[in-house]
Amino acid sequence: SACDTITGIAPSPLERGGVRLYPNPVNNTLFITGLSDASNELVVYDIYGRLIIKKQTNGTNSSIDVSSLSDGVYNLRIKNETGEYFKKRFVVIK
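Residues numbered from 1 in each chain as written. Predicted model: local features only at pLDDT ≥ 70, side-chain atom pairs only at ≥ 80, totals over all residues. Heavy atoms only, no water.

### With respect to the sheet that holds strand β6 (residues 72-80)
Moving on, step 1. Read from one edge to the other, the open sheet built from four strands follows the order β4-β3-β6-β7, with strand pairing classed as antiparallel. What marks the edges here is a single partner per strand, and that holds for β4 (51-58) and β7 (85-92). Averaged over all pairs of adjacent strands, the angle between their axes in this sheet comes to 20°, without regard to strand direction. (Pairing = 2+ DSSP bridges. Helix = DSSP H or I, 4+ residues; strand = E, 2+ residues; numbered from the N terminus. Axes fitted to C-alpha atoms, helices over the stretch in contact; angles between N-to-C directions.)

Printed below as a string of structure tokens:
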């Protein structure tokens, strides 16, 4: 039936690529795998939407030093070279 079909919404290459954050919860270094092979922008926001960390990276793997962050919930937004976004939540626990 028409209700079973979703049209026009395809997963982004970042979603299809299986972006993974680990460990989660994290205390020192957050590792990111499954990124697109070209340029990626990694941006960490706190739960209030304030920009905390911004980093450019190349390649399918990266890491972010979160040792200076306070305990709490953060959002990682990844933007690839074609302007597609992927968001993932992670938790910092010391």
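The structure having been displayed, the exposition proceeds.
### A few points about the pairing of β7
Moving on, step 1. In terms of strand pairing, β6 meets β7 through eight bridges, oriented antiparallel. Looking across to β7, one finds that glycine 72 is bridged to valine 92.
Moving on, step 2. Here β6 folds back onto β7, and the loop between the two strands holds four residues, one of which, glycine 83, carries a positive phi near 85°.

### Quick notes on the sheet that holds strand β1 (residues 20-22)
Moving on, step 1. The strand order across the open sheet built from three strands is β1-β2-β5, with neighbouring strands paired in antiparallel fashion. The sheet is open, and its two edges are formed by β1 and β5 (61-65), each paired on a single side. Adjacent strand axes in the sheet meet at a mean angle of 20°, parallel and antiparallel pairs treated alike.
Moving on, step 2. Here β1 pairs with strand β2 (residues 29-33) via three bridges, running antiparallel. By the bridge assignment for β2, leucine 21 is matched with isoleucine 32.

Honestly, that's just the spatial picture; any functional story needs more than this.
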